[in-house]
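Commentary on secondary and tertiary structure
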Amino acid sequence: MSEDGAAATSNKTAETMSKDQQQQDKRKHKVIIVGAGMAGLSSANHLTKNGCTDFLILEGRNRVGGRIVSIDMGSQKIELGANWIHGVLGNPMFELAMQHGLISIINIPKPHKVVAATEDGKQVPFQILQEIYEAYVCFLRRCEEYFLCQYLPPPDIHSVGEHINLEVELYLNGVDCQKEKHLRKLIFDCLLKRETCITGCHSMDEIDLLELGSYTELQGGNIVLPSGYSSILKPLCDNLPKENIILSCPVRRIHWKRKAALRASALAMTTSATGTILEEDEDDGNESDDSDRTVTEVQIGDHVQQGTAADEQKVSEAARIIKSSTANVVVECENGAVYEADHVICTLPLGVLKEQSETLFVPPLPQYKVESIDSLLFGTVDKIFLEYDRPFLNATISEIMLLWDGQDDNDPDASVVQEKDDQWLKDNWYKKIYSFSKVSDTLLLGWISGREAEYMETLSHEIVAERCTDILRQFLKDPFVPKPKRCVCTSWRKQQFSRGSYTAIAVGASQDDIDNIAQPLYSSPHQSKPSVLFAGEHTHANFYSTVHGAYLSGRTAAQILLTPDSPQEIVMESDSSDLSSWIQGIALD
């Protein structure tokens, strides 16, 4: 070979090695963010704005946004997830929308005329509807006062549902006419169903009475972005380097401690036989006695026993990297990729943590965290969109409330045994739809929650559309209500990367459980910065269940990593456009 040829070959080899090295280097990052929902995007933006671009976002879906997602329906976009900006003052989502021209401060509210109808198609006089609504709001505010004033409720009353039903009973005792009493009771029942969609639960009997007031409501009402809530994703993504986001990359395992040497013989034996790797972890003194040896199952293909040679190679490669890594955290992905990082920000929703926390983290999460994940509620709330060729609802009406009469879901006959419960759901699921509201003249929206929502997710859209048509014909007393040309139903419980809609505080749980989940994990007592941080709406003790809660929690996690000092006390940075900085201070135990 000539010298020129040898030089060319040498250069090519060097170039290849350089590319391989670059590829290898890309597997090591300062920060890995798991999830590209609002919390993940917020963390990434805060890191970027402060000059840290050595991060990687790993997202299971093939899109960013998490529970913020829109689709085109007819001539407009509809939001399948987050719908409103909840409040103005101190809300970073409102500030972001204003900053990027997504909303006008001059907001002329549309006329909002609500009618309530019974199953026989009779409309309730508006003054009765108003009277009951005002009483209901008063009952709800009284429930919130238990948290704010810290006084005790009546004996044996533990949930919001129990307290409101007690108030309703006392209120209705003052109504003499049985017919009038029954009508008012139907309106209260409808408002409680509506509350389950707002709170994110099956029944208000599940929601802890003493904790209802822990949610902080920002002033200013619910704001709709003209271009849809999902339009807020663009300004967040525009700031981020495209190569820092990897889509369709679900995370299989987060190894958050440095591993001791792995015995080759044990590895060979365990991976070939069961696909299981035995790992020895450093003991930091905080774990239980048996936590120094953890067994982690590494899935090989679809079934452990039926792994291909390539799958086994991926597993042994992952084991090799984990064994030799000096990083604080090693993240394994379902596709076999392995990434190393100094820190991981985990923004997986509470529903996913409930399902996967036992297998997702190695070593396992501390027991207090697991108990808090189990204690909190992650309910299902779904939407039903009905699109029509022509308007059929009176132009002045914006919403029709459905006053269902009959057996409610707490009737003992409906839930004595699972079999009866399933049959009851099949026959009555649609009675959980509390109203249909107008999105436009030719687009209606129905809401449904809890077990009924989960059952609806098993049905075809055609069956749901037929049932909704029957409902509208019945309540409007109009047999000519047309069938929708298109029906779209959400399925947040079925979705692999959400497993529900949003967080609520169940009876027996508290804000402490949210704080427990938010608590970062350290690989050793000497670490100045945590190995694993948690963010998402389920980690914000006052703004759980909201996008702004997710945003603030993501920013807080990033700020902890950016602060040069020990993370014992963090003060959020303040900038002139951010009204929320004054309400967000962090003090970690």
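Criteria and cut-off values
Residues numbered from 1 in each chain as written. Predicted model: local features only at pLDDT ≥ 70, side-chain atom pairs only at ≥ 80, totals over all residues. Heavy atoms only, no water. Buried < 20%, exposed > 50% of the residue type's maximum accessible area, 1.4 Å probe, protein only. Helix = DSSP H or I, 4+ residues; strand = E, 2+ residues; numbered from the N terminus. Pairing = 2+ DSSP bridges. Axes fitted to C-alpha atoms, helices over the stretch in contact; angles between N-to-C directions. Contact = heavy atoms within 4.5 Å. Polar contact = N/O pair within 3.5 Å; in protein donor to acceptor, adjacent residues only side chain to side chain. Expected span 1.5 Å × (residues − 1). Arc of directions from axis to C-beta. Core = buried A, V, L, I, M, F, W, Y, C linked by side-chain atoms within 4.5 Å. Domains from an automatic or database assignment. Lys, Arg positive; Asp, Glu negative; His and termini not counted. Salt bridge = Lys/Arg side-chain N within 4 Å of Asp/Glu carboxyl O. Parallel < 35°, antiparallel > 145°, perpendicular 65-115°, else oblique. Left-handed = near helix turned anticlockwise from the far one by under 90°. Nonpolar A, V, L, I, M, F, W, Y, C, P; charged D, E, K, R; others polar. pLDDT = per-residue confidence, 0-100.

1. Re the pairing of strand 19 (residues 443–449)
With 7 of its 7 residues buried, strand 19 lies for the most part within the structure. Here strand 19 shows a buried face lined by Leu443, Leu445, Trp447 and Ser449 and a second buried face lined by Leu444, Gly446 and Ile448. The sheet contact formed by strand 16 (residues 381–387) and strand 19 spans 7 bridges and is antiparallel. Looking at the pairing, Lys383 lines up with Trp447 of strand 19. Two elements, strand 18 (residues 435–440) and strand 19, share 4 bridges in a ladder whose sense is antiparallel. Across the sheet, the residue bridging to Ser437 is Leu445, located in strand 19. In this structure, the hairpin formed by strand 18 and strand 19 is closed by a connection of 2 residues.

2. Some words on the sheet that holds strand 19
Two strands in a sheet stick together by hydrogen bonds in their backbones, pointing the same way (parallel) or opposite ways (antiparallel). Reading across the sheet, the 6 strands line up as 6-17-18-19-16-20 and stay open at both edges, with mixed pairing between neighbours. The open sheet has two free edges, formed respectively by strand 6 (114–118) and strand 20 (486–489), since each of these has just one partner strand. For this sheet, the mean inter-axis angle between neighbouring strands, taken without regard to orientation, is 20 degrees. Where strand 16 and strand 20 come together, 4 bridges link them in antiparallel fashion. Paired with Ile384 across the strands is Cys489, a residue of strand 20. Along the sheet, helix 15 (residues 461–475) contacts strand 6, strand 16, strand 17 (399–403), strand 18, strand 19 and strand 20; its crossing angle with strand 20, the most-contacted strand, is approximately 110 degrees.

3. Digging into the pairing of strand 9 (residues 251–255)
Counting buried residues along strand 9, 5 of its 5 residues qualify, which places the element largely inside the surrounding structure. Pairing of strand 9 with strand 12 (residues 329–333), which is carried by 4 bridges, proceeds in the antiparallel orientation. Paired with Ile254 across the strands is Val331, a residue of strand 12.

4. Observations concerning the side chain of His46
Note that His46 resides in helix 2 (residues 38–49). By relative accessible area, which is 5% here, His46 ends up buried. A polar side-chain atom of His46 sits 2.6 Å from a polar atom in the side chain of Gln559.

5. Looking at unusual backbone geometry
Between Val362 and the following residue, Pro363, the backbone shows a cis peptide bond with an omega angle of -5 degrees. Secondary-structure assignment places Pro363 in the loop between strand 14 (361–362) and helix 11 (367–375). The backbone of Ser248 shows a phi angle near 50 degrees, a positive value even though the residue is not glycine. One non-glycine residue, Lys477, lies in positive phi territory at about 55 degrees. Of note, Lys477 is situated in the loop between helix 15 and strand 20. Its relative accessible area of 59% is what places Lys477 among the exposed residues.

6. Structural notes on helix 15
For helix 15, spanning 15 residues, the distance from its first C-alpha to its last is 21 Å, which sits close to the expected 21 Å at 1.5 Å a residue. Turning to helix 15, its buried residues are Val464, Ala465, Cys468, Thr469, Ile471, Leu472 and Phe475. Down the axis of helix 15, the buried side of the element spans an arc of 160 degrees, and every buried residue falls inside it. Of the residues flanking the end of helix 15, it is Lys477, one or two places downstream, whose phi is positive at about 55 degrees.

7. Section: the nonpolar core
Core analysis: the largest hydrophobic core is formed by 48 residues, its most contacted members being Val160, Ile164, Ile187, Phe188, Ile207, Phe385 and Leu403. By residue number, the principal contributor to this core is helix 4 (residues 126–149), which donates 9 residues. The residues that make up this core include at least three from each of domain 1 (24–103 + 225–259 + 315–380 + 496–564) and domain 2 (104–224 + 381–489). Once residues lying within four places of it in the same chain are set aside, the contact partners of Leu403 are Ala116, Ala117, Thr118, Glu119, Val124, Leu183, Leu186, Ile187, Cys190 and Phe475.

8. Observations regarding the side chain of Glu79
One can find Glu79 in strand 4 (residues 76–79). This buried residue, Glu79, is left without a salt bridge; Lys383 holds the nearest opposite charge, at 6.6 Å. One polar contact links the side chain of Glu79 to the main-chain amide nitrogen of Tyr229, over a distance of 3.0 Å. A distance of 2.9 Å separates the side chain of Glu79 from the side chain of Ser230, its partner in a polar contact. Once you skip the residues sitting within four places of it in the chain, Glu79 turns out to touch Val69, Ser70, Gly228, Tyr229, Ser230, Lys383 and Phe385.

9. Quick word on the packing of helix 5 (residues 160–172) against helix 6 (residues 178–199)
Two elements in contact, helix 5 and helix 6, have axes whose closest approach is 11 Å; the angle formed by their N-to-C orientations is 160 degrees. Between helix 5 and helix 6, the angle is such that the two are roughly antiparallel. Crossing of helix 5 against helix 6: the hand is right-handed. Contacts from Ile164, Asn165, Val168, Tyr171 and Leu172 in helix 5 reach Lys181, Arg184, Lys185, Phe188 and Leu192 in helix 6. In terms of residue class, the contact of helix 5 with helix 6 is built from 6 nonpolar, 1 polar and 3 charged.

10. As for the confidence of the model for the protein
Chain-level statistics for the protein give a pLDDT mean of 84 and a share of 78% at 70 or above. Across residues 409–416, where pLDDT falls below 50, the model places 13 contacts with residues more than four positions away in sequence or in other chains. Across residues 573–589, where pLDDT falls below 50, the model places 35 contacts with residues more than four positions away in sequence or in other chains.

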